[in-house]
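Each chain, letter by letter, is given below.
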Amino acid sequence: MPSSRRPIHAWPVRLTHWINPLAMTGMFMSGWEIYNAAPLFDFHFPSAVTLGGWLGGAIGWHLAVMWLLAGNGALYVLWSLGSGHWRRRWLPLSPAALQQDIQRALTLRLRHDGHRYNAIQKLMYIGVIVLGVLLVLSGLAIWKPVQLYWLTDLLGGFANARYVHFFAMSGIGLFVAIHVLMVLVVPRTLWAMLTGGNHER
């Protein structure tokens, strides 16, 4: 019986995936310079990992890179919804499947299938999307606290919105760190994200 082959990762996924680290690096580094101007906690980010050189420069970089990240995110969301990518890759996700895969992970028996996400991966990807939404909303509340006063109020005020923004950023940073670690553990996934890879339909 004839079969066709399709890529594990379609080109829109690969394109937006590789734009993301470039844009996120700019957002993180400029955001850390903005943080240093008015720290929330008793520490500063080293100047070597910040971007902008001063508050005004950092804000300029942050807003510029924001549009690249927003456009990239919009492309990914629209394509994923229109193509059914999210439905195929992320659903179904049940508590029973999640519990089973956590047990497998703890006993080092969790397999990584290049074209099918396990329950832990599904939860992580859904979680990072939620964090991304929080990051955008809190960023808008901080950027335009007067014009978007209702959003700022919804997040508990300007000061609280900064904490939401910081912790959402930290959560995404943790996701990126785990993502890179998993690529190091299963390096063949990097090749599939570069070339698309192939699997049977």
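Bear in mind that the values here come from a model prediction, so they are computed numbers and not experimental data.

## As for the overall build of the protein
Tallying secondary structure elements over the protein gives 8 helices and 2 strands in all. Here the protein holds 201 residues, and the buried ones make up 29% of them. Sequence separation of at least 24 residues holds for 66% of the intrachain contacts in the protein that already meet a minimum separation of 6. For the protein, the computed accessible surface area is about 12,600 Å², with 71% contributed by carbon and sulfur atoms.

## Looking at the environment of Gly52
Summarising the element assignment, Gly52 is placed in the loop between helix H1 (11-37) and helix H2 (55-83). Here the alpha-carbon distance between Gly52 and His62, two residues 10 residues apart in the chain, equals 8.7 Å. If sequence neighbours within four positions are ignored, Gly52 has contacts with Gly57, Ala58 and Trp61.

## Description of the nonpolar core
With 10 residues, the main nonpolar core is built from Met24, Phe28, Tyr35, Leu40, Phe45, Val128, Phe166, Met169, Ile172 and Phe175. Within the residue set of this core, elements represented by two or more residues are H1 and helix H7 (158-185). It is H7 that provides the largest number of residues to this core, a total of 4 residues. Two domains each provide a minimum of three residues to this core, namely domain 1 (1-91) and domain 2 (117-200). Excluding residues within four positions of it along the chain, Phe166 makes contact with Tyr35, Leu40, Phe41, Phe43 and Phe45.

## Some points on the packing of helix H4 (residues 95-106) against helix H5 (residues 119-143)
With their axes 8 Å apart at the nearest point, H4 and H5 run at an angle of 110° to one another. Judged by the inter-axis angle, H4 sits roughly perpendicular to H5. Facing H4, whose interface residues are Ala97, Leu98, Asp101, Ile102 and Ala105, H5 presents Ala119, Ile120 and Leu123. A class-by-class count of the residues in the contact of H4 with H5 yields 7 nonpolar, no polar and 1 charged.

## A short note on the side chain of Glu33
Mapped onto the fold, Glu33 is located in helix H1. No salt bridge is formed by the buried Glu33; its nearest oppositely charged neighbour, Arg162, is found at 12 Å. Setting aside its immediate chain neighbours within four residues, Glu33 contacts Thr50, Leu51, Gly53, Trp54 and Ala58.

## Structural notes on H5
Over its 25 residues, H5 extends 36 Å from the first C-alpha to the last, a length consistent with the 36 Å expected when each residue adds 1.5 Å. Among the residues of H5, Ala119, Gln121, Lys122, Val128, Ser138, Gly139 and Ala141 are the ones counted as buried.

## Describing a nonpolar patch on the surface
Together, Phe41, Phe43, Tyr163 and Phe167 give the surface a local cluster of nonpolar side chains, amounting to about 350 Å² of exposed area. Tracing the chain through its elements places Phe41 in the loop between H1 and H2.

## Some points on the UniProt feature "transmembrane region" (unreviewed entry) in the protein
In the numbering used here, UniProt assigns the "transmembrane region" (unreviewed entry) feature to residues 21-38, 58-79, 123-143 and 163-186. The span residues 21-38 is 94% helix and 0% strand, and its two end C-alpha atoms sit 26 Å from each other. For residues 58-79, helix accounts for 100% and strand for 0%, while the C-alpha atoms at its two ends are 31 Å apart.

## With respect to the packing of aromatic side chains
Counted according to the given criterion, the structure contains 13 aromatic pairs. Residues Phe43 and Phe45 carry aromatic rings whose centres are separated by 5.4 Å and whose planes lie at 80° to one another, so their mutual orientation is edge-to-face. Residue class for Phe43 comes out partly exposed when judged on its relative accessible area of 34%. Residue Phe45 is classed as buried on the basis of its relative accessible area, which comes to 17%.

What counts, and where the lines are drawn
- Residues numbered from 1 in each chain as written.
- Predicted model: local features only at pLDDT ≥ 70, side-chain atom pairs only at ≥ 80, totals over all residues.
- Heavy atoms only, no water.
- Helix = DSSP H or I, 4+ residues; strand = E, 2+ residues; numbered from the N terminus.
- Buried < 20%, exposed > 50% of the residue type's maximum accessible area, 1.4 Å probe, protein only.
- Contact = heavy atoms within 4.5 Å.
- Areas by Shrake-Rupley, 256 points an atom, 1.4 Å probe, with all protein chains shown as cover.
- Core = buried A, V, L, I, M, F, W, Y, C linked by side-chain atoms within 4.5 Å.
- Domains from an automatic or database assignment.
- Axes fitted to C-alpha atoms, helices over the stretch in contact; angles between N-to-C directions.
- Parallel < 35°, antiparallel > 145°, perpendicular 65-115°, else oblique.
- Nonpolar A, V, L, I, M, F, W, Y, C, P; charged D, E, K, R; others polar.
- Lys, Arg positive; Asp, Glu negative; His and termini not counted.
- Salt bridge = Lys/Arg side-chain N within 4 Å of Asp/Glu carboxyl O.
- Expected span 1.5 Å × (residues − 1).
- Patch = residues over 30% accessible without salt bridge, like charges linked within 9 Å, V, L, I, M, F, W, Y side chains within 5 Å.
- UniProt positions renumbered as here; feature names shortened; annotations may be inferred.
- Phe/Tyr/Trp six-rings, centres within 6.5 Å; stacked < 30°, edge-to-face > 60°.

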